[in-house]
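The lines below spell out each chain.
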Amino acid sequence: MANPAAIDLGDVSVRLGSVQALSGIELTILRGERVAVIGPSGAGKSTLIGLMNGTVPATSGRVHTLGCDYRRASARQLRATQRRVGTIHQRFDLVEQLRTVHNVNAGRLGAWPFWKAALSLVLPRDLKDVHAALDRVGIGGKLNERTGDLSGGEQQRVAIARVLVQQPAMILADEPVASLDPARGLEIINLLLDLSAEENATLVASLHDVEMALGRFDRVIGLRAGRIVFDRPAQQLNEGDVAELYAFEQDLRQEA
Ligand code: ADP
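The present account deals with the structure reproduced in this document. It should be emphasised that the depicted structure is a prediction, and the values quoted were computed from it without experimental measurement.

1. Remarks on the site of the ligand
Around the ligand sit Leu16, Val19, Ala21, Pro40, Ser41, Gly42, Ala43, Gly44, Lys45, Ser46 and Thr47, and those are all the residues in its vicinity. When the ligand sits alone it has 570 Å² of accessible area, and the protein chains cover 58% of it. Residue assignment for the shell around the ligand shows that the elements contributing at least two residues are β2 (19-30) and α1 (45-53). Take the shell around the ligand: its biggest share by element is three residues, from α1. Taken together, the residues of the shell around the ligand sort by class into five nonpolar, five polar and one charged.

Below, the structure is given as C-alpha cells:
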C-alpha cells in the first residue's frame, strides 16, 4: 500500500476569506486510530474536518486522505475517496420531512447511478441494509418514522446509520454531541467508538467536551487559533495542557 496513513497533512494552511483558519498543520493519522480534536470555538476544528473529507480545499500544503492526494486527484478519484469517508455533523444534516429510510439511503446516493437514487425516493431500495444499519444504532423500529418526529439523540443515530451504509473506511464527526444533553452525548460517542472498531474504520471527532475526549479516545489533538498546540495520547495530557488550550477563551470571558 503506497500510503498506509488514513490522513496525511503536510504544512497545510487554509484561508477562508480574510481569516487564516488553519496554519502549518502537520498531522498523520493511521488507519484504525480513534482521535479527538479539541479546542475553543473558532480554533479551526470544523475546517480541519472539512479538509479531511474534501469539502474545504487547502490553500497550500499536502492533503492526503486514504491515500488520495486531494489537491491532485481527478473528480472521479475524489468522489471514490469521499464515498469511503462518512461525516456526521452537529446539526445532523437530515431532511426532517422524509422518513428515516430515505435519510439512511442518502448515504449511498454517491455510489448509485442517478436512476437508482431517483427511484429510491419513491420506492426505497436495499431495505435490508438500511434495516441492519438502524438496528446497529439501536433504532431498528424507526424505519418508517418521519425523521423530524425523532428526538435529537435518535436523529443523530439516523445520521450514523446513513454513514454505516456507506461502509466507511473513515468516520469524521464534527461536534457530534454539541446539540445533545450530556447523557445522550455520551451514548453517541460510545456508539461511534464501538461502530468504528467493528468496521475497522478510522474515527476523528471534534469535541467541545474535554472530559469526553480525554476519557474515551486514544489520542487527543489540541487546536487553537488554527494551529496544533499538542498531539498526544490522552493519558499523557495534564490539566495544564488543557488549561493553556482554553486560556485565551478564559481571558476573553474575563474581559467581557
Ligand atoms: P471551530 O470548528 O473550531 O469552531 P472553524 O473551523 O469553524 O472553528 O472556524 C475557524 C475560523 O475560520 C474561525 O475564525 C471562523 O470564524 C472562520 N471561518 C469559518 N468558516 C468561514 C467562512 N466560510 N468564511 C470566513 N471565515 C470562516
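Moving on from the model shown.
2. Re the pattern of salt bridges
Across all of its chains, the model carries 14 salt bridges by this definition. The partner of Arg157 in a salt bridge is Glu187, and the shortest N-O contact between them spans 3.2 Å. In this pair, Arg157 sits in helix α6 (residues 152-164) while Glu187 sits in helix α7 (residues 182-199), placing the two residues 30 residues apart along the sequence. Here Glu187 falls in the partly exposed class, since its relative accessible area comes to 34%. A salt bridge links Asp231 to Arg219; the nearest nitrogen and oxygen atoms lie 2.8 Å apart.

3. A few points about the nonpolar core
Core analysis: the largest hydrophobic core is formed by 46 residues, its most contacted members being Ile38, Leu134, Val137, Ile160, Leu192, Leu207 and Phe217. If we ignore the near neighbours within four places in the chain, the residues touching Val137 are Arg157, Ile160, Ala161, Leu164, Leu191 and Leu195. Leu9, Leu48, Cys68 and Met170 belong to the second largest nonpolar core, which has 29 residues in total.

4. Digging into helix α5 (residues 127-136)
Given 3.6 residues to a turn, an α-helix orients residues that are three or four positions apart in the same direction. Residues Val130, Ala133 and Leu134 constitute the buried set of α5. When α5 is viewed along its axis, its buried side chains cluster within an angular range of 95° and face the same direction. After α5 finishes, the residue Gly138 shows a positive phi value of roughly 90°.

5. As for the sheet that holds strand β1 (residues 5-16)
Pairing in this open sheet of four strands is antiparallel, and the strands run β2-β1-β4-β5 from one edge to the other. Two strands lie at the open edges of the sheet, namely β2 and β5 (68-69), each paired on one side alone. When β1 meets strand β4 (residues 60-65), the two strands line up antiparallel, connected through five bridges. For Gly10, the partnering residue across the bridge sits in β4 and is Arg62. Its contacts with the sheet place α1 against β1, β2 and β4, and it is angled at close to 55° to β2.

6. Looking at the environment of Gly215
With respect to the helices and strands, Gly215 occurs in helix α8 (residues 210-216). As a C-alpha pair, Gly215 and Gln235 span 20 residues in sequence and 8.6 Å in three-dimensional space.

Analysis parameters
- Residues numbered from 1 in each chain as written.
- Predicted model: local features only at pLDDT ≥ 70, side-chain atom pairs only at ≥ 80, totals over all residues.
- Heavy atoms only, no water.
- Near = heavy atom within 4 Å.
- Areas by Shrake-Rupley, 256 points an atom, 1.4 Å probe, with all protein chains shown as cover.
- Helix = DSSP H or I, 4+ residues; strand = E, 2+ residues; numbered from the N terminus.
- Nonpolar A, V, L, I, M, F, W, Y, C, P; charged D, E, K, R; others polar.
- Salt bridge = Lys/Arg side-chain N within 4 Å of Asp/Glu carboxyl O.
- Buried < 20%, exposed > 50% of the residue type's maximum accessible area, 1.4 Å probe, protein only.
- Core = buried A, V, L, I, M, F, W, Y, C linked by side-chain atoms within 4.5 Å.
- Contact = heavy atoms within 4.5 Å.
- Arc of directions from axis to C-beta.
- Pairing = 2+ DSSP bridges.
- Axes fitted to C-alpha atoms, helices over the stretch in contact; angles between N-to-C directions.

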